[in-house]
Amino acid sequence: MQGLTLRTVRKLSSSLRSSSSTTASTFQIQLHGPSRSLSQASKPQATSRSSHFPFSYPQTPPEAFSRALSTAAFVDAAISGKNDHSSSIIKVSQTSRAIDDDSVNAICGSVSNELTDDAVETTPPEAAAALGGFDSSTTRMTLTDAYSAIELALDSVVKIFTVSSSPHYFLPWQNKSQRETMGSGFVITGRRILTNAHVVADHTFVLIRKHGSPTKYRAEVHAVGHECDLAILVVESEEFWQGMIHLELGEIPFLQEAVAVVGYPQGGDNISVTKGVVSRVEPTQYVHGATQLMAIQIDAAINPGNSGGPAIMGNKVAGVAFQNLSGAENIGYIIPVPVIKHFMSGVEECGKYVGFCSMGLSCQSMENVQLREHFGMRPEMTGVLVSRINPISDAHRILKKDDIILAFDGVLIANDGTVPFRNRERITFDHLVSMKKPNEKAEVRVLREGKEYDFTISLHPLQPLVPVHQFDKLPSYYIFAGLVFIPLTQPYLHEYGEDWYNTSPRRLCERALRELPKEYGEQLVILSQVLMDDINAGYERLAELQVKKVNGVEIENLKHLCHLVEDCNEENLRFDLDDDRVIVLNYQKAKLATSWILKRHRIPSAMSSDLISKQTDEEIVAAGQN
């Protein structure tokens, strides 16, 4: 069965707008067809329905016409059962003869590439003849049988069981107790399973079960992108893949288009299907990765367990369910196809997740007239003001503070920082930047001191001075004389509780959120705690301060601090901390005390494995040179 889609409705409404006739006309849209409801207990049951949508041209805006035909009544009426071959009938009846027949023919003919000849009846008869030679194989996209779409998902959507163990950032040499979580995923091309990164974050063991099977199969995580909250799993078992089919990726749905979210939410063990419509498409904060990327808002609840499941539109995937809006009901978000494809292409080309690019800019809107006049912008000019530039970005060597960015890759930027997106929608220009591949170049038009310039900037994923997340890796630490040194990370601050912004050390929190790195590899090293011993008595109140220098040498990162301490040739070791605080230790006594302190606190090593391996590599290189 084929029916009318929202794209077709938009074609019809736009054709009405562009019709050569300027006189008023009234159309009666009449829909006949079966209405069905889906339940786990029974097969779809058909009922008869007829829906009418009056539409007057040109008084009724095309958007209102589109919304009318996108209501739940229309969607329900267009759904038929798997074995029911009856089709919905759309009747476009002209109730006012003020418009000429040629215009009616043009209106109906404009949608001939979307509709089958048996799905639409029009009056007058000449309009029906316009659809006479239509070939259904050219149909770009139709509203397919929802029951068949669900049947398709049953052979693709899987339930994921994850055992994970997160690091303890206050005690970085040990993990927290393990926990078990569940999520959803679905099969994609290449015998891979796509799911959310937060479903498998900090995993130690992953199992997968397909629909209708009691068996769980071992899975391995092939690639993870925590910024975009996506992960790819692989299953080696041949038995698992028997009868499994992959889902294809579709397009970004338009507003008010219906999607079905399939997954395994909490509250039951079997598969669940939730239907909703698209409410909004715009950049949104991804909670897991704390990144601003495009997302689709739908009016369907996405509960724990739904994460990683597909949002299906027709017979293709429109996105991946991943989060909901805290404190609101029936508002969920799905990751759109462009973000999914960007993640997957990076994995396929590089063998691993490569990240999303950033220009490294902080920009201010130019909506104030006086502000635009001050920077010499002509009335027809629009753009955003550069207020801050990341020193490790390529833009730092090209752009300057107070530059006005007028266009990105030829796309004009509005004064509020948005660019055109689809049909009269707008989206922040950061989306254009994030869709670039690493090392790809972008053309930027800039207004500087009243003159226009064109620059080429190379784009890269940029790491913050203080990492926002540290999933799937152990935290770094170094212990000397009971002094525990770590690089500052936001997960460390999160250990202070849900209200960490107010309960964590204020100065560390401000630096974590605002400071930018001056060079690659830079870290903000802090003294996190003092393991009490005679050697460090009196220094216990200096915890939670940043370490600035070791024996007068400014430190770059934790590895640098470790080398400065281990290679010390002086009698005393001096640490200069924030607030001009100082720690001085006798080096030999402190070194001897370290082993006793580690034994007393049952700490297996004085440094994390990443520091040990790095040190060993450098020692091997030095030995080879000698």
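Keep in mind that what you see is a predicted model, and the values were worked out from it rather than measured. (Residues numbered from 1 in each chain as written. Predicted model: local features only at pLDDT ≥ 70, side-chain atom pairs only at ≥ 80, totals over all residues. Heavy atoms only, no water.)

Q: Pulling in residues and values, what's your account of the overall build of the protein?
A: A tally of regular secondary structure across the protein gives 17 helices and 32 strands. Counting only residues that meet the buried cut, the protein has 50% of its 626 residues in that class. For the protein, contacts bridging at least 24 residues in sequence account for 65% of all contacts bridging at least 6. A total of about 29,800 Å² of accessible surface is found on the protein, and carbon and sulfur atoms cover 49% of it. (Helix = DSSP H or I, 4+ residues; strand = E, 2+ residues; numbered from the N terminus. Buried < 20%, exposed > 50% of the residue type's maximum accessible area, 1.4 Å probe, protein only. Contact = heavy atoms within 4.5 Å. Areas by Shrake-Rupley, 256 points an atom, 1.4 Å probe, with all protein chains shown as cover.)

Q: So what's going on with the environment of Val 224? Residues and values would help.
A: As for its placement among the helices and strands, Val 224 is situated in strand β10 (residues 220-225). Val 224 sits in the buried class, given a relative accessible area of 18%. Considering only alpha carbons, one finds Val 224 and Val 200, 24 residues apart in sequence, at a separation of 8.7 Å. The contact partners of Val 224, leaving out residues within four places of it in the chain, are Ala 197, Leu 230, Ala 231, Phe 343, Tyr 353 and Asp 472.

Q: Can you break down the pattern of salt bridges residue by residue, with the values?
A: Tallied over the full model, the rule gives 26 salt bridges. Salt-bridge contacts for Arg 445 lead to Asp 454; the nearest nitrogen and oxygen are separated by 3.1 Å. According to the relative accessible area criterion, Arg 445 is partly exposed, its value standing at 39%. Given a relative accessible area of 53%, Asp 454 falls into the exposed group. Taken together, the shared-partner salt bridges in this structure form one network comprising Arg 507, Arg 511, Glu 515, Lys 548, Asp 578 and Asp 579. (Salt bridge = Lys/Arg side-chain N within 4 Å of Asp/Glu carboxyl O.)

Q: Mind laying out the sheet that holds strand β11 (residues 230-234), listing which residues take part and the relevant values?
A: Strands sit in the order β9-β8-β5-β6-β7-β11-β10 across an open sheet of seven strands; the sheet is antiparallel. Both edges of this open sheet fall to β9 (217-218) and β10, since each of them pairs with a single strand only. Pairing of strand β5 (residues 157-164) with strand β6 (residues 179-188) involves eight bridges; the strand directions are antiparallel. Within β6, the residue paired with Ile 160 across the bridge is Gly 183. Sheet strands in contact with helix α9 (residues 337-350) are β6, β7 (192-195), β10 and β11, and its direction is about 50° off that of β11. (Pairing = 2+ DSSP bridges. Axes fitted to C-alpha atoms, helices over the stretch in contact; angles between N-to-C directions.)

Q: Residues and numbers for helix α15 (residues 558-566), please.
A: Every buried residue of α15 is accounted for by Leu 558, Leu 561, Cys 562, His 563 and Val 565. At the N-terminal boundary of α15, the capping side chain belongs to Asn 557, with an oxygen 3.3 Å from the backbone nitrogen of Lys 559. (Polar contact = N/O pair within 3.5 Å; in protein donor to acceptor, adjacent residues only side chain to side chain.)

Q: Give me the sheet that holds strand β13 (residues 272-286): which residues, what numbers.
A: Sheet architecture is closed into a barrel: six strands sit in the order β12-β13-β14-β17-β16-β15, paired in antiparallel fashion. Taking each pair of neighbouring strands and ignoring which way they run, the sheet shows an average axis angle of 50°. As judged from the six bridges shared by strand β12 (residues 258-263) and β13, these two strands associate in the antiparallel manner. Within β13, the residue paired with Val 259 across the bridge is Gly 276. Lying on the sheet, α9 is in contact with β13, β14 (291-298), β16 (316-324) and β17 (332-336); it crosses β17 at an angle near 50°.

Q: If you had to explain the confidence of the model for the protein to someone new, which residues and values would you point to?
A: With 74% of its residues at a pLDDT of 70 or more, the protein shows a mean pLDDT of 79. Looking across the protein, the model is least confident in helix α5 (residues 125-129), with a mean pLDDT of 34, and most confident in strand β26 (residues 478-480), with 97. (pLDDT = per-residue confidence, 0-100.)

Q: Outline the side chain of Ser 528, supporting the account with residue identities and numerical values.
A: Take Ser 528: it is sitting in strand β28 (residues 525-530). For Ser 528, the residues in contact, after removing those within four places along its chain, are Val 484, Ile 486, Tyr 492, Ala 543 and Glu 544.

Q: Quick one: what's the story with the environment of Asp 299, residue by residue and with numbers?
A: Counting through the fold element by element, Asp 299 comes out in the loop between β14 and β15 (310-313). Each C-alpha atom, one on Asp 299 and one on Ala 258, is 9.8 Å from the other, the two residues being 41 residues apart in sequence. There is a polar contact of 2.7 Å between the side chain of Asp 299 and the backbone nitrogen of Val 277.

Q: Pulling in residues and values, what's your account of unusual backbone geometry?
A: Positive phi is not limited to glycine here, since Asp 409 has a value of about 55°. Residue classification places Asp 409 among the partly exposed residues on the basis of a relative accessible area of 33%. In this model, Asp 579 sits at a positive phi of 65°, which is unusual for a non-glycine residue. Following the sequence through the fold, Asp 579 ends up in the loop between β31 (572-577) and β32 (582-586). On the accessibility criterion, Asp 579 (40% relative accessible area) is partly exposed.

Q: Any details on the nonpolar core? Residues and values, ideally.
A: Counting residues in hydrophobic clusters, the biggest one holds 67 residues, and the most contacted among them are Leu 194, Ile 298, Phe 343, Met 359, Leu 399 and Phe 408. Residue contacts for Ile 298: discarding those within four places in its chain leaves Val 259, Val 261, Val 277, Val 278, Ser 279, Asn 330, Ile 331, Gly 332 and Ile 334. (Core = buried A, V, L, I, M, F, W, Y, C linked by side-chain atoms within 4.5 Å.)

Q: Hey, could you go over the pairing of β28 for me, with residue numbers and the actual values?
A: In regular strands, side chains alternate between the two faces of the sheet. Of all six residues that make up β28, five are buried, and the element is covered over most of its length. Alignment of strand β27 (residues 483-487) against β28, held across five bridges, turns out to be antiparallel. Residue Phe 485 lies in a different strand from β28, and its bridge partner there is Leu 527. The pairing of β28 with strand β29 (residues 545-550) spans two bridges and is antiparallel.

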